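Tertiary structure, described
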Amino acid sequence: MRPSNSQDPMTPPRKLHIKSYGCQMNVYDAQRMVDTLAGEGFAETATVDDADLVILNTCHIREKAAEKVYSELGRLRLAKDEAARSGRQMRIAVAGCVAQAEGAEIIRRAPVVDVVVGPQSYHHLPQLLARANAEGRAIETEFPVEDKFAFLPPPGREAIRARGISAFVTVQEGCDKFCTFCVVPYTRGAEVSRPVSRIVDDVARLADNGVREITLIGQNVNAYHGEGPDGRAWSLGHLLHRLAEIPGIVRLRYATSHPCDVDDSLIAAHRDLPALMPFVHLPVQSGSDRILEAMNRRHTAGDYLRTIDRFRAVRQDIAFSSDFIVGFPGERAEDFAATLALVTQIGYAAAYSFKYSPRPGTPAAEMQETVSAADMDERLARLQELIDSQQSAFNKAAIGTTVDVLFERPGRNPGQIVGRTAYLQPAHVMARPEIMGRVLPVRIDSLERYSLLGELAVSGANRASLPAGAIAPSASRLVTGA
Ligand code: SAM
Ligand code: SF4
């Protein structure tokens, strides 16, 4: 059943405040919840205090992420009491992976919560709110048989424009890999791919409304195998080829990939598609074969290096980022040394690293933890120092070069426009707002923390196509203010 559009044009919109934790998929889900509730007469508000409905879209990936939800619920209890004192009812919903993992336990620990809804059921939010109104509480954490995407209303034109020129599109959800440390297969469920035609429609609609960059997202995005218009399962590489044909789309990205699912069609997409950015997030977690096996990652460090080489063989300018876990049960000093060696050998443009956090219900949570807190801290610090030095070197190498930047938004300083390079580095220039949504060359002349500063280096056809005065006269010295 599609959610009904119960908005009465005479009633002022109710206010929805949504706070998202964790991954890009949660950011995407939060937007789809806003789109779903727009049909129920809700408009987004940036503050909790005037909200009629507050949704916490939660993350369960590490213990810290999950615990944040309970401290936030403590603060929301005060806001809800305050609203009640002024005669207003504030509803509180917990969505996302903590909702999925903990279900009714959330309401037991935090009775302030009215609705608990898992990541596969948020298309039912209107019905759940109605049930909470009637019965006081509503919980839904089953994996419904229907596909939520078939029920979610598309975002409105205004919503798309307000969200900017870069958008996420979920193409795949869930995961069948069962890495021993990870809750995703339990909270997001089995791997499911959306059909190609639906994704093409979504991307075309976004492009028609000004979106220029699409990041295809999924917990294991390169396991994509959605049904194509020819009735066959299409790979991610095949899908990317199709999306690159959509007018207006100038940049394509995808995340997050598993090294074992890099197939020839994905490599070919990097070889053939100029719109596919040469920056790949390919988590490896550890450089030790022993730990990779205990993690059930299904590949060795050598396999990973060979995969990196396959990308590099078709695009010399390709760069990589990764995720790492330090202190996995059984990780010895030599295992950690193997991780440092792998990082040194590859040379990342960026990477995220985390201390191992046991997650209830996962196989690793049953393993004996062998790495002391002090050793974990020390390993994390050493790994982060190495990654930081690689990232700085990568950023510094841009100085003196001319790079393509997709301009996204005004900077904090007057006259400044901010965009991103192919490698997601923020780049700041002085220019007119008309350049937003355009990919233009920028001569990089300095670096401030993680941001590149430079001047538009447009000539010929590019310069002629810009409105008069779009290039500010003196752009060379500025601070990011970002
Ligand atoms: N699907 C992706 C992959 O295969 O690498 C990543 C999914 S997960 C949302 C993002 C990252 O969180 C992982 O790559 C891993 O580094 C980290 N992570 C997941 N479970 C963890 C745990 N129990 N403790 C610490 N970090 C964890
Ligand atoms: Fe979790 Fe990624 Fe492993 Fe799937 S592949 S279980 S999402 S870490």
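First, a word on scope: everything that follows refers to the structure included in this document. All figures in this text were calculated on a predicted structure; none of them were measured in a lab. (Residues numbered from 1 in each chain as written. Chains lettered and ligands numbered in written order. Predicted model: local features only at pLDDT ≥ 70, side-chain atom pairs only at ≥ 80, totals over all residues. Heavy atoms only, no water.)

1. Thoughts on the pattern of salt bridges
- Throughout the structure, instances matching the rule amount to 29 salt bridges.
- One salt bridge connects lysine 80 with aspartate 114, and the closest N-O pair in it is separated by 2.9 Å. Of the two residues, lysine 80 sits in helix H2 (residues 63–85) while aspartate 114 sits in the loop between helix H4 (104–109) and strand E5 (115–117), which places them 34 residues apart along the sequence. Taken individually, lysine 80 and aspartate 114 each receive the classification buried, so the pair is uniform in this respect.
- Two residues, lysine 177 and aspartate 261, come together in a salt bridge whose shortest N-O distance is 2.7 Å. Taken as a pair, lysine 177 in the loop between strand E8 (172–173) and helix H7 (184–187) and aspartate 261 in the loop between strand E11 (251–255) and helix H10 (264–272) lie far apart in primary sequence, 84 residues in all. For the pair lysine 177 and aspartate 261, a shared accessibility class is recorded, and that class is buried. (Salt bridge = Lys/Arg side-chain N within 4 Å of Asp/Glu carboxyl O. Helix = DSSP H or I, 4+ residues; strand = E, 2+ residues; numbered from the N terminus. Buried < 20%, exposed > 50% of the residue type's maximum accessible area, 1.4 Å probe, protein only.)

2. Details of unusual backbone geometry
- The omega torsion of the bond from alanine 255 to threonine 256 falls at 0°, within 30 degrees of zero and hence cis.
- Mapped onto the fold, threonine 256 is located in the loop between E11 and H10.
- Located in the positive-phi region is arginine 449, a residue other than glycine, with phi close to 50°.
- Summarising the element assignment, arginine 449 is placed in the loop between strand E18 (439–448) and strand E19 (451–456).
- With a relative accessible area of 71%, arginine 449 lands in the exposed category.

3. Regarding the packing of helix H13 (residues 333–346) against helix H14 (residues 373–396)
- H14 packs onto H13 with a crossing angle of 5° between their chain directions and a minimal axis gap of 10 Å. On the basis of their axis angle, the class for H13 and H14 is roughly parallel. Each of Ala333, Phe336, Thr339, Leu340, Val343 and Thr344 in H13 lies in contact with H14, whose residues at this interface are Arg379, Arg382, Leu383, Leu386, Ile387 and Gln390.
- Of the residues in the contact of H13 with H14, the class split is 7 nonpolar, 3 polar and 2 charged. (Axes fitted to C-alpha atoms, helices over the stretch in contact; angles between N-to-C directions. Parallel < 35°, antiparallel > 145°, perpendicular 65-115°, else oblique. Contact = heavy atoms within 4.5 Å. Nonpolar A, V, L, I, M, F, W, Y, C, P; charged D, E, K, R; others polar.)

4. Focus: the packing of aromatic side chains
- According to the stated counting rule, one finds 7 aromatic pairs in the structure shown.
- Centre to centre, the rings of phenylalanine 178 and tyrosine 186 are 5.6 Å apart; their planes meet at 75°, and the pair counts as edge-to-face.
- Where phenylalanine 394 meets tyrosine 423, the ring centres are 5.1 Å apart and the plane angle is 85°; that geometry is what we call edge-to-face. One end of the pair, phenylalanine 394, is in helix H14; the other, tyrosine 423, is in the loop between strand E16 (416–420) and strand E17 (426–430), and 29 residues separate them in sequence.
- Chaining the aromatic ring pairs together yields one cluster made of Phe181, Phe328 and Tyr356.
- Here arginine 62 stacks its cationic end above the ring of phenylalanine 354, 3.6 Å away from the centre of that ring. (Phe/Tyr/Trp six-rings, centres within 6.5 Å; stacked < 30°, edge-to-face > 60°. Lys NZ or Arg CZ within 6 Å of the ring centre and 35° of its normal.)

5. Quick notes on the environment of aspartate 317
- Assignment of secondary structure puts aspartate 317 in the loop between helix H12 (301–314) and strand E13 (319–326).
- Note on aspartate 317: relative accessible area 35%, which makes it partly exposed.
- Expressed as a C-alpha distance, the spacing of aspartate 317 and valine 442, which sit 125 residues apart in the sequence, is 17 Å.
- Apart from residues no more than four positions distant in its own chain, aspartate 317 is found in contact with Pro278 and Tyr423.
- A distance of 2.8 Å separates the side chain of aspartate 317 from the side chain of arginine 315, its partner in a polar contact. (Polar contact = N/O pair within 3.5 Å; in protein donor to acceptor, adjacent residues only side chain to side chain.)

6. Quick notes on the side chain of asparagine 209
- Here asparagine 209 lies in the loop between helix H8 (196–208) and strand E10 (213–217).
- Here arginine 157 takes part through its side chain, which lies 2.8 Å from a polar atom of the side chain of asparagine 209.
- Looking at asparagine 209, its side chain comes within polar contact range of the main-chain oxygen of arginine 205, at 2.8 Å.
- Residue contacts for asparagine 209: discarding those within four places in its chain leaves Arg157, Ile160 and Arg161.

Interpretation note: all reported values are geometric properties and have no functional meaning in isolation.
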